[in-house]
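Per-entry structural report
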Amino acid sequence: MPFIEHRASERSQCDTPVIIENCQTGEHCDGSLYNFSRCGMYLEMDIPLKPETEIRIVVEKSGDFSHPDSCQSFCIITE
């Protein structure tokens, strides 16, 4: 039986390194963003986070965490 995708919005595939910050503790870790859409994203990181943890995800265009040429997103871990 073929797999049928039932998502509200189309996913964009990628393999992008990101920096993830726990907004409550300020702790940073490295991760990878593998796909994203209007409704969410799939990423993997080096540390486990509990559900309801608010994080900041930084995608650096320049590779320098302090450089302003970056894309930032805030989200809450749900699962």
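Refer to the preceding data block for the structure.
Residues numbered from 1 in each chain as written. Predicted model: local features only at pLDDT ≥ 70, side-chain atom pairs only at ≥ 80, totals over all residues. Heavy atoms only, no water.

**Regarding the pattern of salt bridges**
Selection criterion: Salt bridges are identified by distance alone: a Lys or Arg side-chain nitrogen within 4 Å of an Asp or Glu carboxyl oxygen. Here a helix means four or more residues in a row that DSSP labels H or I, a strand means two or more in a row labelled E, and each is numbered from the N terminus. Between buried and exposed lies partly exposed: a residue is buried under 20% and exposed over 50% of the maximum accessible area for its type, with that area taken using a 1.4 Å probe on protein chains only.
Applying the stated criterion across every chain yields a total of one salt bridge. In this structure, Arg56 and Glu21 form a salt bridge, with 2.8 Å as the shortest nitrogen-oxygen distance. Of the two residues, Arg56 sits in strand E4 (residues 54–60) while Glu21 sits in strand E1 (residues 12–22), which places them 35 residues apart along the sequence. Accessibility expressed as a relative area gives 15% for Arg56, which makes it buried. For Glu21, a relative accessible area of 17% gives the class buried.

**Looking at the environment of Met41**
Within the secondary structure, Met41 sits in strand E3 (residues 40–45). Taking relative accessible area as the criterion, Met41 reaches 36% and is therefore assigned partly exposed. For the pair Met41 and Gln13, spaced 28 residues apart in sequence, the C-alpha to C-alpha distance is 9.8 Å.

**Here's the deal with the side chain of Thr53**
Here Thr53 lies in the loop between E3 and E4. Assessed through its relative accessible area of 10%, Thr53 is described here as buried.

By themselves these figures say nothing about function.
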